[in-house]
Amino acid sequence: MTHVTPHSRPPGPSAVTMHPWSIVPYANRMRRGGIDIVGKRFEMYGDLYLAPFLGRDVYVMRHPDHIREVLLTQADCFQKPETGLTARTLRRLLGNGLLNSNGETWRAHRKLVQPAFGPAPLARYAEAMTEHAQLAVDSWHDGATLDVSKEMMELTLRIVAKTLFDHRITSETDRVAEVMRVFRTSMGGADAVLPDWLPVPSRRRSMKALAEIDALVFDLIDARLGRPTGPDLLSNLVGAEGEPDAAARLDRRALRDEVLTLFLAGHETTSHSLSWTLHLLASHPDVEAQLHAELDRVLGGRPVTLEDLPNLGLVDRVLAESMRLYPPAYVIPRVSTRPSEIGGYTIPAGSDVVMWVYHTHRHPDVHADPLRFDPDRFLPERLRALPSCAYLPFGAGSRTCIGKRFAQIEAQLLLATIAQSVTLRHASSEPVRMDASVTLAPKGGLPMVVARRRARASAA
């Protein structure tokens, strides 16, 4: 890295001081091409640059050493942002749930949620994951064209609803998918930068979608209030209303925020991870053939179980490499609460910090031939050589994703079930593009053609 003078300001583009109405085109440009714009800035200015925006200093970084300082070494100097464009849009949707909260509220609520992701509950969830995956795959007909992104979204939504909230989603999948589509469209665009009082069409669509998802979530909560039904997460959260710790008590609104955060975050990222994985396998039939061979050898045509996962190393590595190239949570925002020094630069209190996981995962100094799909990067001996914070699809430090193990098990079981039963090929020769908003999704869906695996059918 380049030698710098301590306490100097990093290089970067000139400050964006524009008329309020010109903010919208700028926001839309970033919404459509932010990944490429930021990538070119890293090439021009280095691993840490300053991008002042509307009177605020924004420190943008990608190097693992810098990210380690923010998330681990000096983590007490940074917290989740409570203002700004991204935080504003997320708060409108998720309120003050685990993803957005800080301090005692975050600690108390995380403590309430944590038991739902322990070993015993995960073992129960695994059975439901495999069952739902097999039902979905059995409905896919040979030669059919599917929007795999939509299929994965609905499948993971059904799983999180059943496992965490003991609720079977049927007709509601379309409602939830529409809510996420509306919020993906509004994220980072005009709806995010214009004042709340301005009745722009995107704002009206957002508010209508929010009312739809609120009605669904409050129905779930109200059906459970005063009469918990079992060991699921929703029953545990409802039972927290009598907690002696004031920070841990959840009124109806706080319940809504936590349920919606876990409901949406619990399925969206895994859905996109699986979609990108199936896209990469279709683009690399040699790796797909190795994966089929592993599945046939280990499973012999029977359904996958939680106990099989340690023997399905390539399943794990394929997913890990997919999340390296296409991390669903592709950026991590923080705000500094007190001065710190990173990379020789002073980060003043009140500054925004944006860590671009997408560009960290593709850093040429960290990953050899970084654009190549190579699951063997995650063989144990190569993984041990990877620097700390060079790979963080689930974040790092105390704010590591609480559902990390849930998501890993789910993705492995679903990929094993799908790949054992079918081969998927792109239905179009058009390149698959990225939609970078709340999470990193395939833009416009992912149409693919189903081919039933004859070897799988004969083995069964």
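Whatever comes next refers back to the structure up there.
Predicted model only: the values in this text are computed from it and were never measured. (Residues numbered from 1 in each chain as written. Predicted model: local features only at pLDDT ≥ 70, side-chain atom pairs only at ≥ 80, totals over all residues. Heavy atoms only, no water.)

J.: When you look at unusual backbone geometry in this model, what are you seeing that I'm missing?
T.: Trans is the prevailing form of peptide bonds, just as negative phi is the prevailing case for residues other than glycine. Its identity is not glycine, yet Asp369 carries a phi of approximately 45°, on the positive side. The topology assignment puts Asp369 in the loop between α14 (357–361) and α15 (380–383). Positive phi values are uncommon outside glycine, yet Cys389 reaches one of about 70°. By the element assignment, Cys389 lies in the loop between α15 and α16 (404–421). The class of Cys389 is buried, set by a relative accessible area of 9%. (Helix = DSSP H or I, 4+ residues; strand = E, 2+ residues; numbered from the N terminus. Buried < 20%, exposed > 50% of the residue type's maximum accessible area, 1.4 Å probe, protein only.)

J.: Explain the pattern of salt bridges to me, please; I cannot follow it from the model alone.
T.: Between side chains of opposite charge, a pair can form when the charged atoms approach closely. Under the definition given, this model contains 20 salt bridges. The closest approach of N and O atoms between Arg62 and Asp47, which form a salt bridge, is 2.7 Å. Here Asp47 lies in the loop between α1 (20–45) and β1 (48–50) and Arg62 lies in the loop between β2 (58–61) and α2 (64–73), a separation of 15 residues in the sequence. The pair Arg62 / Asp47 is uniform in exposure class, with both members buried. For the salt bridge of Arg253 with Asp257, the shortest nitrogen-to-oxygen distance reads 3.7 Å. Remark: Asp257 and Arg253 occur in helix α11 (residues 252–283); sequence separation between them is four residues, near one turn of the helix. According to the relative accessible area criterion, Arg253 is partly exposed, its value standing at 42%. Here the salt bridges do not stand alone but share partners, grouping Asp214, Arg253, Arg256 and Asp257 into one network. (Salt bridge = Lys/Arg side-chain N within 4 Å of Asp/Glu carboxyl O.)

Such coordinate-based values are descriptive only and should not be taken to indicate function.
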